[in-house]
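# Per-entry structural report
Spelled out from the first residue to the last, the chains are:
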Amino acid sequence: MTAPTKPPYGTAADSVSERAPGEPLHSPVIDWFDEHARDLPWRRPEAGAWGVMVSEFMLQQTPVNRVLPVYEQWMARWPRPADLAAEAPGEAVRAWGRLGYPRRALRLHGAAVAITERHGGDVPSEHAQLLALPGIGEYTAAAVASFAYGQRHAVLDTNVRRVFARAVSGTQYPPNATTAAERRLARALLPEDAATAARWAAASMELGALVCTAKNEACHRCPIAAQCAWRLAGKPAHDG
Ligand code: SF4
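No experiment lies behind these values; they were computed from the predicted model shown.

Let's shift gears to the domain arrangement of the chain. Taken domain by domain, the chain comprises domain 1 (12–38 + 153–232) and domain 2 (41–147). With centres defined by C-alpha atoms, the gap from domain 1 to domain 2 works out at 27 Å. Contacts between the two partners involve 14 residues from domain 1, matched on the other side by 10 residues from domain 2. Regarding the contact of domain 1 and domain 2, the summed buried area is about 880 Å², with carbon and sulfur atoms giving 63% of it. Contact with domain 2 buries surface across domain 1, with Arg 38, His 153 and Val 155 losing the most and accounting together for 50% of the total. Taken together, the connections running from domain 1 to domain 2 amount to 1 salt bridge.

Right, dumping it as structure tokens:
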């Protein structure tokens, strides 16, 4: 007798909405990340908090492949915040090259000066202290605290917001600007343990960058396809 055919990704009974919000997603996404994460220099231990911060400034409006060479040169020239702080701001703009939006270079220089003056040259680990640095907003403060210091923060970039919108909220795209409801959801989805939460933040971001992209969601290789609310609903088109 032929065994009944299983749907390729599971059934609606697996839906995340019927279980605790984040827990069923954590292991699949983190395990996928362990296997598929890109080897990027700012993810290596030697990058340190300064490397993470520099990469976050550069990645704000520029894709990874364009950031990589500039990042490498930047870190070779200014391996510590104090090295950059000792230079004139114009040097930072020059080294920014073709990354675009060069105001980011000035902000990064300003942050390096503040780190040198207020924190003895070490990138602070406290979220509030990061947020108080020039040019650092909620996202970057959370990203540095999480990625560099392994803390538990909701790190909401466009990739993460898209994954949560689809997998959890069942909509194709998140709202244009981050909403309070998205922040609540992101906090609710965080693993309890700080180290796992930091891993989850990086992993969910990478999933949005590599698999659940804006134009081509690759559900056939998505580790949470069985639980994805939008896929299970038949992928209704975005109405806004
Ligand atoms: S199943 Fe498809 S739409 Fe849902 S999170 Fe995965 S890639 Fe995105």
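With that settled, the discussion passes to the nonpolar core. Counting residues in hydrophobic clusters, the biggest one holds 34 residues, and the most contacted among them are Trp 50, Met 53, Met 58, Trp 74 and Leu 108. For this core, the leading source of residues is helix α2 (residues 48–59), giving 7 residues. Among all residues touching Met 53, those that are not within four sequence positions of it are Leu 108, Ile 115, Val 123, Leu 130, Leu 133, Ile 136 and Val 144. If you look at the next biggest cluster of nonpolar residues, it comprises 31 residues, including Ile 30, Leu 189, Ala 203 and Cys 222.

So, about unusual backbone geometry. Non-glycine residue Tyr 101 carries a positive phi angle of around 45°. For Tyr 101, the position within the fold is in the loop between α5 (89–96) and α6 (103–118). Overall, Tyr 101 belongs to the exposed group, its relative accessible area being 54%. With a phi angle near 55°, Lys 235 is a residue other than glycine that sits in the positive phi range. The exposure class of Lys 235 is partly exposed, given its relative accessible area of 31%.

The full count for this structure, using the stated rule, is 2 cavities of 30 Å³ or more. What the largest cavity holds in volume is close to 120 Å³. Looking at the largest cavity, it is lined by 15 residues, and the ones nearest its centre are Arg 166, Cys 212, Cys 219, Cys 222 and Cys 228. In terms of residue count, helix α9 (residues 158–169) provides more of the lining of the largest cavity than any other element does, 3 residues in total. Its residues assigned to classes, the lining of the largest cavity comprises 12 nonpolar, no polar and 3 charged.

Our focus in this paragraph is the site of the ligand. Lining the immediate surroundings of the ligand are Arg 166, Val 211, Cys 212, Glu 217, Cys 219, Cys 222, Ala 225, Cys 228 and Trp 230. Among the cavities detected, the one that contains the ligand is the largest cavity. Of the residues contributing to the shell around the ligand, the split by class is 7 nonpolar, no polar and 2 charged.

With that out of the way, let us pick up the packing of helix α1 (residues 23–36) against helix α11 (residues 194–210). Running from amino to carboxyl end, α1 crosses α11 at an angle of 70°, the nearest separation of the two axes being 9 Å. Between α1 and α11, the interaxial angle falls into the category roughly perpendicular. Here α1 runs over α11; the crossing is left-handed. Contacts between α1 and α11 pair Leu 25, His 26, Val 29, Ile 30, Trp 32, Phe 33, Asp 34 and His 36 from the former with Thr 196, Arg 199, Trp 200, Ala 202, Ala 203, Ser 204, Glu 206, Leu 207 and Leu 210 from the latter. Here the residues of the contact of α1 with α11 are counted per class, giving 10 nonpolar, 4 polar and 3 charged.

How each quantity is defined
Residues numbered from 1 in each chain as written. Predicted model: local features only at pLDDT ≥ 70, side-chain atom pairs only at ≥ 80, totals over all residues. Heavy atoms only, no water. Domains from an automatic or database assignment. Contact = heavy atoms within 4.5 Å. Buried area = accessible area lost by both parts, 1.4 Å probe. Salt bridge = Lys/Arg side-chain N within 4 Å of Asp/Glu carboxyl O. Core = buried A, V, L, I, M, F, W, Y, C linked by side-chain atoms within 4.5 Å. Buried < 20%, exposed > 50% of the residue type's maximum accessible area, 1.4 Å probe, protein only. Helix = DSSP H or I, 4+ residues; strand = E, 2+ residues; numbered from the N terminus. 1 Å grid on protein atoms, 1.4 Å probe; cavity = no way out; pocket = protein on both sides within 12 Å on 5 of 7 lines; lining within 4 Å. Points joined across faces, edges and corners; volume = space filled by probe spheres on them. Nonpolar A, V, L, I, M, F, W, Y, C, P; charged D, E, K, R; others polar. Near = heavy atom within 4 Å. Sits in = over half its atoms within 2 Å of the grid points. Axes fitted to C-alpha atoms, helices over the stretch in contact; angles between N-to-C directions. Parallel < 35°, antiparallel > 145°, perpendicular 65-115°, else oblique. Left-handed = near helix turned anticlockwise from the far one by under 90°.

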